[in-house]
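Structural description and commentary
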Amino acid sequence: MLSFGRRTSVFNSAATIERTIRRVLEQTCQDFELILLNHASTDGSRDIARSYEDPRIKHIDLAENMGAGGGLLIREMVRATSGKYLKLFCADDELLPDGLQTLVDYLEQNPEKGFAFGNVRYVDGQGKFTGGTFFEGRAGFVGTNDESDCLRKFYHGVSFLPYIGNIIRRDLFDEVMCDSTLIMLADVNLWMSLILAGVKIGFVDLCVANYRVHDGQMSAVAASKRVMVRSHYEVFALRQQMIRRFGARWVRQVVPDSPYADKVESDVDAAFVLAEDLLRREGDEAAYLELNAMLQDNEMRQRLHDVFGFTIAEFRRLYSSAYVKDDSLKGCVHRIWQILSAALSNLPAWARSKIARLTRRTMEHAPEKDVNHWWYGLLWEVDARLAAAASRGGR
């Protein structure tokens, strides 16, 4: 049996949940169970979900919204499943008629793979195909990405796997760690955890679902300010996990150009190499804290000196130069942009509307690799200012 699960529960999805459920029930593969986890919705989503009397549907109703991330909700759902495979899905997306069968067939024919992804199409809020698919021109995606390449891309801030195209062996959830609080990056954390547990990844070059782009979704441009803040903190947490969890097995493949990679003898050594690399290249705050903690320990501080020639003086040089680099380029550009974007509120309403459409179109079609880049944050700021001006009225 295929266990089909819903990601992030059903939360205030009244506008899309009915169509999503129907698309599951219309699958060519009829041997499944549909787990609907209602995360204390307040818009009637629960009533819509329970209006279906199909015996294959199982309901989980949480008494309150726990503010939980994807990992905790996935674990709630996994406990209710009994099938061989699990498919995580969103309440606003749609499976294509043979989507489940395509994914099941792939894992059945490739038993060495533990999880896989099919391609997905983009549709608008009304379900109309807008052109293009996830795999087409996706930054970092080549269709043959192996496990080390995936970890390397995650490490460099590239999320290139289509969440709604996934299928996973159910038993793997007994082996992997799912972060309980992450929301924006819960999927990246799950894929990373599967790979670190030794699970192999696969790809199906066929479309299995429609990805709906609309203003109500959690990552919508309309919620850009909230998304940016969440992503900032979640990137910090995810980077910290990478530093601590990649270990000696993966470090040389993830940072092959590090001058210290060839000296790694243990997982602790690997954590140092990753933290040093992130601080040197990006001035990463999580890397700073990890290195700072290492240098507090007498034994570790001595090892870093003896094996890697790394001292407190070198640590200070790294974070000092990282700050200067940021201040001279990204920081200055951002301050200039703040001044310019502040002037947007004084523009006529028609001009603000035109700029807003252009900004949102640019953000919606930006390559995934750019979502965490500073220039994308500038667009977020413009959109947030335009939205604020519109809410106040204006000319």
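Scope of this entry: the structure provided in the associated data block. Quantities reported herein were computed from a predicted structural model and do not represent experimental measurements. (Residues numbered from 1 in each chain as written. Predicted model: local features only at pLDDT ≥ 70, side-chain atom pairs only at ≥ 80, totals over all residues. Heavy atoms only, no water.)

Here's the deal with the overall build of the protein chain
In terms of helices and strands, the protein chain carries 15 helices and 9 strands. Here the protein chain, with 395 residues, has 51% of them falling under the buried criterion. Counting only contacts in the protein chain whose residues sit at least 6 apart along the sequence, the fraction spanning at least 24 positions is 72%. Of the roughly 18,500 Å² of accessible surface on the protein chain, a fraction of 53% belongs to carbon and sulfur atoms. (Helix = DSSP H or I, 4+ residues; strand = E, 2+ residues; numbered from the N terminus. Buried < 20%, exposed > 50% of the residue type's maximum accessible area, 1.4 Å probe, protein only. Contact = heavy atoms within 4.5 Å. Areas by Shrake-Rupley, 256 points an atom, 1.4 Å probe, with all protein chains shown as cover.)

Quick word on the side chain of Asp269
Here Asp269 is to be found in helix 9 (residues 267-282). A polar contact is formed between the side chain of Asp269 and the side chain of Arg303, at a distance of 2.6 Å. (Polar contact = N/O pair within 3.5 Å; in protein donor to acceptor, adjacent residues only side chain to side chain.)

Some details on the nonpolar core
Side chains of a nonpolar character, in soluble globular proteins, are inclined to be buried together. If you look at the biggest cluster of nonpolar residues, it comprises 101 residues, and the most contacted ones within it are Phe154, Leu190, Trp191, Phe246, Phe272 and Phe310. Excluding residues that lie within four positions of it along the chain, Leu190 makes contacts with Ile74, Leu88, Ile168, Phe173, Val176 and Cys178. (Core = buried A, V, L, I, M, F, W, Y, C linked by side-chain atoms within 4.5 Å.)

Some details on the environment of Met66
Positionally, Met66 belongs in the loop between strand 3 (57-61) and helix 3 (70-78). Linking Met66 and His39, residues 27 residues apart in sequence, is a C-alpha distance of 8.0 Å. In this view, Met66 contacts His39, Leu72 and Leu73; residues no more than four positions away in its chain are not counted.

Description of the environment of Gln296
Along the chain, Gln296 turns up in helix 10 (residues 285-296). Under the relative-accessibility criterion, Gln296 is labelled exposed at 54%.

Brief notes about the packing of aromatic side chains
As enumerated under the stated definition, the model contains 15 aromatic pairs in all. For the pair Phe115 and Phe117, a centre-to-centre distance of 5.8 Å together with 75° between the ring planes defines the contact as edge-to-face. Accessibility assignment for this pair places Phe115 and Phe117 in one class, buried. Centroid distance Phe154 to Phe160: 6.1 Å. Interplanar angle 45°. Geometry classified as tilted. Phe154 gets classed as buried once you look at its relative accessible area, which sits at 4%. Relative accessible area serves as the criterion here: at 0%, Phe160 is assigned to the buried category. Taken together through their ring pairs, the aromatic side chains of Phe115, Phe117, Tyr163, Trp191 and Phe203 make up a single cluster. Arg121 extends its terminal NZ or CZ atom over the ring of Phe129, reaching a point 5.0 Å from the ring centre. (Phe/Tyr/Trp six-rings, centres within 6.5 Å; stacked < 30°, edge-to-face > 60°. Lys NZ or Arg CZ within 6 Å of the ring centre and 35° of its normal.)

Brief notes about the pattern of salt bridges
Applying the stated rule across the entire model yields 25 salt bridges. Among the salt bridges present, the one from Arg212 reaches Glu94, with a minimum N-O distance of 2.5 Å. In this pair, Arg212 sits in strand 9 (residues 201-212) while Glu94 sits in strand 5 (residues 94-95), placing the two residues 118 residues apart along the sequence. The same class applies to Arg212 and to Glu94, which are both buried. The partner of Asp284 in a salt bridge is Arg239, and the shortest N-O contact between them spans 2.8 Å. On the criterion of sequence distance, the pair formed by Asp284 in the loop between helix 9 and helix 10 and Arg239 in helix 7 (residues 224-245) is long-range, its members being 45 residues apart. Its relative accessible area of 8% is what places Asp284 among the buried residues. (Salt bridge = Lys/Arg side-chain N within 4 Å of Asp/Glu carboxyl O.)

Side note on the packing of helix 8 (residues 247-254) against helix 9
Following both chains from N to C, one finds helix 8 and helix 9 inclined at 30°, their axes separated by 8 Å at the closest point. Note that helix 8 runs across helix 9; the crossing there is left-handed. Packed against helix 8, whose contacting residues are Gly247, Ala248, Val251 and Val254, the element helix 9 presents Asp267, Ala270, Val273 and Leu274 at the interface. For the contact of helix 8 with helix 9, a count of residues per class yields 6 nonpolar, 1 polar and 1 charged. (Axes fitted to C-alpha atoms, helices over the stretch in contact; angles between N-to-C directions. Left-handed = near helix turned anticlockwise from the far one by under 90°. Nonpolar A, V, L, I, M, F, W, Y, C, P; charged D, E, K, R; others polar.)

Topic: the environment of Phe135
Relative to the elements of secondary structure, Phe135 occurs in the loop between strand 7 (129-133) and helix 5 (147-155). Counting along the chain gives 14 residues from Phe135 to Arg121, while the straight-line C-alpha distance between them is 9.0 Å. Those residues in contact with Phe135, other than ones at most four positions away along the chain, are Phe117, Gly118, Asn119, Phe141, Pro162, Phe203, Val204 and Asp205.

A word on the packing of helix 9 against helix 11 (residues 298-308)
To characterise two packed helices, one gives the angle between the axes of the helices and the distance between these axes. Remark: helix 9 packs on helix 11, axes separated minimally by 12 Å, with the N-to-C direction vectors making an angle of 75°. When the interaxial angle is binned, helix 9 and helix 11 end up roughly perpendicular. Two secondary-structure elements touch here, helix 9 through Val268, Asp269, Phe272 and Val273 and helix 11 through Met300, Arg303, Leu304 and Phe308. Broken down by class, the residue content of the contact of helix 9 with helix 11 amounts to 6 nonpolar, no polar and 2 charged. (Parallel < 35°, antiparallel > 145°, perpendicular 65-115°, else oblique.)

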